[in-house]
Amino acid sequence: MPNVKVLFIKIVLAHLSCFGVLSQNNQSQSSTTYKSYQTSIHCTPSEPIHYPKSTEEVVNIVKRAIGENKTVKAFGSRHSITDIICTDGYPVSMKHFDHAIDNEDGTATFGAGIELQDAMIFLEKNGRTLISLPTFGGITLGGAIGTGAHGSSLLHPTSISDQVVRLTLVDGRGSLRDVSDPNELNALRVNLGLFGVIIDVTLQTVPLFKMTVHNRIHADHILTDGRTALRWAAQHDLFQIWWFPSQGDVVVSKGIYHDGTNELGNDTTNFIPDTDFITRNLVGTSFETLQETRNTYAMYLLEAYTKFSLVERVVGRAPIFEEHRNNGSAETWNNFKNPATGFSWRLMSNRCQRSCTWNTDSIRPKFLIEESSIAFDLEEFSSVINMIRKVLRQYPAAFPLVGLFIRFSIPSDGLMAISSNRSTFTVEWTTPMRWNRYEKPKDGIGAYQWILQEMVQNYNGRPHWGKNGLHYFNRDLMASVWKDKRELFVESMTKYDPEGIFLNKFGRRLLGTSDQVDKDSKVYRCALQDYCICQKHDDCGLLQNCVNRNGFNICKDLIDLKLPIISIVN
Ligand SMILES: Cc1cc2nc3c(=O)[nH]c(=O)nc-3n(C[C@H](O)[C@H](O)[C@H](O)COP(=O)(O)OP(=O)(O)OC[C@H]3O[C@@H](n4cnc5c(N)ncnc54)[C@H](O)[C@@H]3O)c2cc1C
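Scope of this entry: the structure provided in the associated data block. (Residues numbered from 1 in each chain as written. Predicted model: local features only at pLDDT ≥ 70, side-chain atom pairs only at ≥ 80, totals over all residues. Heavy atoms only, no water.)

**Things to note about the site of the ligand**
And then number 1: Taken together, 36 residues form the shell around the ligand, and within it Ala-74, Ser-80, Thr-140, Thr-147 and His-464 come nearest.
And then number 2: Take His-150: an N or O atom from its main chain is 2.8 Å from an oxygen atom of the ligand.
And then number 3: Contact between the ligand and Leu-192: an oxygen atom at 3.4 Å from a main-chain N or O atom of the residue.
And then number 4: The protein chains hide 98% of the 970 Å² of surface that the ligand would expose on its own.
And then number 5: Broken down by secondary-structure element, the contributors of at least two residues to the shell around the ligand are β3 (72-75), α4 (141-147) and β10 (197-204).
And then number 6: Take the shell around the ligand: its biggest share by element is four residues, from α4. (Near = heavy atom within 4 Å. Polar contact = N/O pair within 3.5 Å; in protein donor to acceptor, adjacent residues only side chain to side chain. Areas by Shrake-Rupley, 256 points an atom, 1.4 Å probe, with all protein chains shown as cover. Helix = DSSP H or I, 4+ residues; strand = E, 2+ residues; numbered from the N terminus.)

Structural data, given as structure tokens:
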């Protein structure tokens, strides 16, 4: 029984903090601070961001850093939410490196700062495309191969990294290098930004082709009946699953590639849509209210809403697939399609352009997100799904934004690819951040924490380099997860950067020479954003305790305000 007086004080503090009356955080930020796109990672370099326009300018920055005994880090759209994007010295935005060249040998060369969507539009104009790609067109090619960003298929290479045939980069001596040797490329395919500043990337392309994709709802026993999900995965060019545990359902997306572009249809996906100011604020306020009141049932309804939005038209959400008509004088969208047929890349990937959900143009409320993504050997498929079910039976939690998104990859030659040398599936989810993320826990946080720890510890899970909280990139964990690969990677890295000009705190943890992290200095309840696994109650949110369940430390609400759960989960 918690002490009633202490509990009362905690409740009052919790409510004051909700309205921003209390804040842990009045440290001023340095003028050079920059952040990840959803603001959870804060980098505090000594220099302001540089925006070079030529290779010569990049060389000069690197040489200046060498002379001053400082470090350098290039980045793209900063859509990674780990301190992989940070430096103590010179941050370099590659946004001006956006050139595109169609080569005669079936490859294309792009500036490392070009956004994926722009690269794809260029290829389409030249009758070419990529065999497979990640879902978000707003990432840069340099960033995509920094972390190994991937799509989903057991028939084709899924990552940009695996389609790289050549790279140029400025190395740690300030020299321009051209790399096409396959062995060397394997270390650079997923380079974590640690080899140098990538100037351009040459990709293998294929003739432009169309795809038909069909999303359907199925009962979620297809995940664990021992055959269905993996059989379908092996049969389709594109195959991905959104799992909604509270519904006992999955949405399965099956795509078949067509030969060429003759198939009728000009449909596109809208998976990552533009949102207007009102919708963003409405969504942000709704999630905050539901989380504050621990209304898991309403979150389950949102899971159902998301599920239906992936197969049919629903009010308040852009169609998942839509027809694009261009009759010469006018372009029209907005005709819902499922199944959908169109250029393959336009059905796999898109980008919000005018206004993404996470844009922070509003003062408050706002809608920011965090992501978790872990990759496993395909052989663990049923066991991982059953483990998630087991946890959710004890700790109900909702996955209202994209469910549990399950994707597949064939083995990659990239040393540090999450699918390196093994057929892989990834389980990912996105959670809305609390408005007061420094003190208020997310609804379901205990379940998320348990699942993630068990995934890595018991199922040999590899955390996606650009997603997940900082705990999943601590020194010990990186050493154990990457024990077979790290040595070879570091050996190769040292050849390109012998003096560690591109090392940052993240890189030093990978090397095992430091424990330091680049973090938001306001975070003091470290388990709330997966900076740590809780060791004491104060690591968790207000009105929470740190408890041990099944050997895993997780944050648990002091008073469980949830209504008793009728077993919705299988
Ligand atoms: C909405 C959304 C959807 C996403 N969808 C997917 C998905 O479908 N699949 C997936 O796997 N991931 C996905 N991600 C994660 C994302 O793809 C990766 O985090 C990717 O690395 C981000 O690219 P970026 O351009 O923002 O790179 P950044 O985050 O800016 O950088 C990532 C790394 O690359 C390095 N880097 C970047 N450019 C250079 C360069 N020119 N030279 C040297 N190093 C460089 C940086 O130093 C850093 O280490 C998604 C992220 C978001 C926000």
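From this point, the discussion proceeds with the structure in view.
**Focus: the packing of aromatic side chains**
And then number 1: For the coordinates displayed, the defined rule picks out 24 aromatic pairs.
And then number 2: When the centroid spacing of 5.6 Å and the interplanar angle of 50 degrees are considered together, the rings of Trp-242 and Phe-271 count as tilted. Placement of the pair is Trp-242 in strand β13 (residues 238-244) and Phe-271 in the loop between β15 (267-269) and α7 (277-292), with a sequence separation of 29 residues. There is no split in this pair, since Trp-242 and Phe-271 are both buried.
And then number 3: Relative to Phe-367, the ring of Phe-287 has its centre 5.7 Å away and its plane inclined at 15 degrees; by these criteria the two rings are stacked. One end of the pair, Phe-287, is in helix α7; the other, Phe-367, is in the loop between α9 (344-348) and β19 (369-377), with 80 residues separating them in the sequence. Taken individually, Phe-287 and Phe-367 each receive the classification buried, so the pair is uniform in this respect.
And then number 4: Lying over the aromatic face of Phe-343, Lys-210 brings its terminal NZ or CZ to 5.2 Å of the ring centre. (Phe/Tyr/Trp six-rings, centres within 6.5 Å; stacked < 30°, edge-to-face > 60°. Buried < 20%, exposed > 50% of the residue type's maximum accessible area, 1.4 Å probe, protein only. Lys NZ or Arg CZ within 6 Å of the ring centre and 35° of its normal.)

**Overview of unusual backbone geometry**
And then number 1: Cis geometry marks the peptide bond from Asn-338 to Pro-339, where omega comes out at 5 degrees.
And then number 2: Looking at the element boundaries, Pro-339 is found in the loop between β17 (331-336) and β18 (340-343).
And then number 3: Within the chain, Leu-192 stands out as a residue other than glycine whose phi angle is a positive 60 degrees.
And then number 4: Among the residues examined, Leu-192 registers a relative accessible area of 1% and is labelled buried.
And then number 5: Phi is positive for Asn-550, which is not a glycine, with a value near 55 degrees.
And then number 6: As for its placement among the helices and strands, Asn-550 is situated in the loop between β23 (544-549) and β24 (552-557).

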